[in-house]
Every structure is written in C-alpha cells, then in structure tokens.
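A structural walkthrough
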Number of protein chains: 2
Amino acid sequence: MIPQHISKLQEKGFRMTQARSSIINLLENTDHPITASSIHKILKRIGVSINITTVYREIEFLLNERIIEKVPLMDNELHYEVTGRPHHHHLFCTSCSSIKDIVLQSEKGLLEEVHDASSYDITRHSLAFFGTCPDCK
Amino acid sequence: MIPQHISKLQEKGFRMTQARSSIINLLENTDHPITASSIHKILKRIGVSINITTVYREIEFLLNERIIEKVPLMDNELHYEVTGRPHHHHLFCTSCSSIKDIVLQSEKGLLEEVHDASSYDITRHSLAFFGTCPDCK
DNA sequence: ATATTAATGCAACTTGTTTGCATTATATAA
DNA sequence: TTATATAATGCAAACAAGTTGCATTAATAT
Ligand SMILES: [Mn+2]
Ligand SMILES: [Mn+2]
Ligand SMILES: [Zn+2]
Ligand SMILES: [Zn+2]
C-alpha cells in the first residue's frame, strides 16, 4: 500500500528480493503485530515459500533498518510491525488472542513523568493492555 | 522477607517444598523481574540445585496462584516478579540490560482513556520503557 | 551478457519450554 | 512414630524458537 519503505531501501543500495518485498508488503498490509512464524505461514499460504531462516534474517535486517519494530506481549514469541504509522500501542484479548492498535492521547504526561522521575534517556516504550475484547464479552 | 505468599499457599493446602519456597524467597528478595534460567542459575549458585523442569513447572504453578506475574520485555525470554508489591512498571537499560522498577503517578488517566476508548474489559497492563540508565550515560 | 556479491536454502546446532513416567518426599492420619 | 496418599520431582526425550556455516542462487551494475 505504502511502498515508501521499499524505495528507501533501494536508495540505500540494498537489493529488493522477493523475500524482502513480500515480507514488507505483508507487514504493510497487516493491521496488527505478527510473529516470525506467522509471517512464514501467511506467505506460504499465498504462494510465497521462503525459508524460515530467511524470515528470521530478514526480520533482523528490517529491525536494523528501522523498517519494523518489536512488540513484546505476554507471549514467548516476539511480534513485529512496520514503523512509520501513527504512534500507538496495543490491546490484547486474552480470550481470542486478537491484537488491536490503540492511539493514546494521554501518554504525553506519562512519558514526561518517566523522564523526570528516572533520569534515564528513554528511546522507546511499549504499552500493552490485556483483557477481553467486545466480541468476546 | 515477607513470607505471606508461603503461608497463603500452605493454607490453601499446597505442599511447601524446597523448590517452591526457595523460588518464592528468591523472587521476594529480588528487586527486578528475572527469567526462568536466571532463577535456575542463582539457586544453583547458592546451593539449591533443582532441575530446570521443576523451575518451569513451579513458575506455571505460581502464575496460576497469582504469586508471580509475567513481565514482557524486548526479549525472547519472559521475566517474572512477585505480586503484592506496590503497583509499578519497568525501565530497561539497553546498554547494561539492567531492569529497574518505576512507580507512575500519572498512569491513572491513561488507564481511564484506554477503558473509555476501547470498550475492552482490561484486566492487566504492562508498561515498559527502554533507554540508557544514569550509570551507562 | 557478464561479473560481483547480497541474499538464500539447507542442515546442523543452540536455547527455551513441555511432557511422560518412574521415583521421592511432604503432609496427614493411624 | 510409622504408614499412607499423592503432590512434587528428576530424568530423558520431544518440541519449538532462533542461529550459524557454507555452498548456491539471483539481484544489481557494468
Ligand atoms: Mn507511546
Ligand atoms: Mn500501571
Ligand atoms: Zn477477543
Ligand atoms: Zn545501564
């Protein structure tokens, strides 16, 4: 949908392979964070059979290039999503395991408090909320 | 230090074994979330050699009994900490990998916003902040 | 078209986590 | 104090996620 990530990588001199473009396109068109094995399964289902090793290597590459970001949940597997979308966080339904984005207006004050109270240089943060989604109630 | 978790389990009829009490005591006396393999290593170092399988089984038991909680970070391993402490969240130093608790006054508004905006029944949340700690700056 | 080398696939490996089953040890009762 | 019931444990094996070495393939530049 928004292939700006792809042209950015090409301008930087990286090759645009089928694996790379299909992973980027998948994540661009997925509205929630997904795992490495999800990427692998979904691509296979739509006829793009790349090796799981390649998926892992591509994830690491895309993390380095800041095309994607990690999303930690209460799970043993990390999830990933593309960067460049409006800043948001995540709702996880503990009943159906769905993940939904949420944009928070009131996080600004929270981040200021963290900055003031901790004397850390904060570069990133991850806010996750767990509960039951409307469909599962 | 505060063996209230231990007596609570005994009152519920669970056996208090060496593995169970040493894991609870370790977590009670650790001021940051730790992983299953950390628990195993630390206990071994202080002379409590329990099998890693038992550590995993005990973690699951203690999660069920709400004695401990999961803490998801940008890591492939989950961390765990005891419940019953003042409600707090975590600062992770990406340089030295240290984890520090932080109590946030201004999270109340955030949680109200999540509740109002999402129509989820939120039961838990996890806020993690990543950056450089004062020692590493 | 050819050359260069980034990216890939495959196999093997490491690490984290789970399971089955025989044995041990805690709690309770005789 | 000893016997009993069974929760908890250890061990081996399996499973799952993620990594690495190396030979091969394919994307780009010439
Ligand atoms: Mn935020
Ligand atoms: Mn909170
Ligand atoms: Zn749901
Ligand atoms: Zn640090």
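Presented here is an overview of the structure given in this document. (Residues numbered from 1 in each chain as written. Chains lettered and ligands numbered in written order. Predicted model: local features only at pLDDT ≥ 70, side-chain atom pairs only at ≥ 80, totals over all residues. Heavy atoms only, no water.)

What about unusual backbone geometry?
With a phi close to 65 degrees, Ser97(A) is a non-glycine residue in the positive phi region. Tracing the backbone through its elements, the reader meets Ser97(A) in the loop between β3 (89-93) and β4 (99-102). What makes Ser97(A) partly exposed here is its relative accessible area of 46%. Here the phi dihedral of Ser119(B) falls at roughly 55 degrees; this positive angle occurs in a residue that is not glycine. Structurally, Ser119(B) can be placed in the loop between α5 (107-118) and β5 (121-132). Residue Ser119(B) is classed as partly exposed on the basis of its relative accessible area, which comes to 40%. (Helix = DSSP H or I, 4+ residues; strand = E, 2+ residues; numbered from the N terminus. Buried < 20%, exposed > 50% of the residue type's maximum accessible area, 1.4 Å probe, protein only.)

A short note on the coordination of the zinc ion (ligand 4)
All names here are of chain B. Coordination of the zinc ion (ligand 4) by the protein comes from Cys93 (SG), Cys96 (SG), Cys133 (SG) and Cys136 (SG), over a distance range of 2.2 to 2.5 Å. For the zinc ion (ligand 4), the 4 donor atoms in the first shell make angles of 101 to 121 degrees at the metal, so the coordination geometry reads as tetrahedral. Binding-site remark: the zinc ion (ligand 4) is held by donors from one chain whose sequence spacing is C-x2-C-x36-C-x2-C. Taken together, the positions of Cys93 in strand β3 (residues 89-93) and Cys133 in the segment after β5 put the pair 40 residues apart, joining distant regions of the chain. Cys133 matches Cys93 in its accessibility class, with the two residues each being buried. (Donors = N, O, S within 2.8 Å, 3.2 Å for Na, K, Ca; no water. Tetrahedral: all angles 85-135°; square planar, octahedral: opposite > 155°, others 65-115°.)

Details of the interface of chain A and chain B
Across the boundary between the two partners, chain A contributes 42 residues, which contact 42 residues of chain B. Note on chain A versus chain B: buried area summed over both sides is about 3,600 Å², and carbon and sulfur give 62% of it. On the surface where chain A and chain B come into contact, there are 2 salt bridges. The salt bridge involving Asp121(A) is made with Lys137(B); its shortest N-O contact spans 3.4 Å. Only β3, β4, α5 (107-118) and β5 (121-132) of chain A provide two or more residues apiece to the side of chain A that touches chain B. Counting residues per element, the side of chain A that touches chain B draws most heavily on β5(A), at 12 residues. (Contact = heavy atoms within 4.5 Å. Buried area = accessible area lost by both parts, 1.4 Å probe. Salt bridge = Lys/Arg side-chain N within 4 Å of Asp/Glu carboxyl O.)

Some details on the sheet that holds β3(A)
Read across the open sheet, the 6 strands follow the order β4(A)-β3(A)-β5(A)-β5(B)-β3(B)-β4(B); overall the sheet is mixed. Two strands lie at the open edges of the sheet, namely β4 of chain A together with β4 (99-102) of chain B, each paired on one side alone. On average, each strand axis in the sheet is inclined to that of its neighbour by 25 degrees, with strand direction left out of account. (Pairing = 2+ DSSP bridges. Axes fitted to C-alpha atoms, helices over the stretch in contact; angles between N-to-C directions.)

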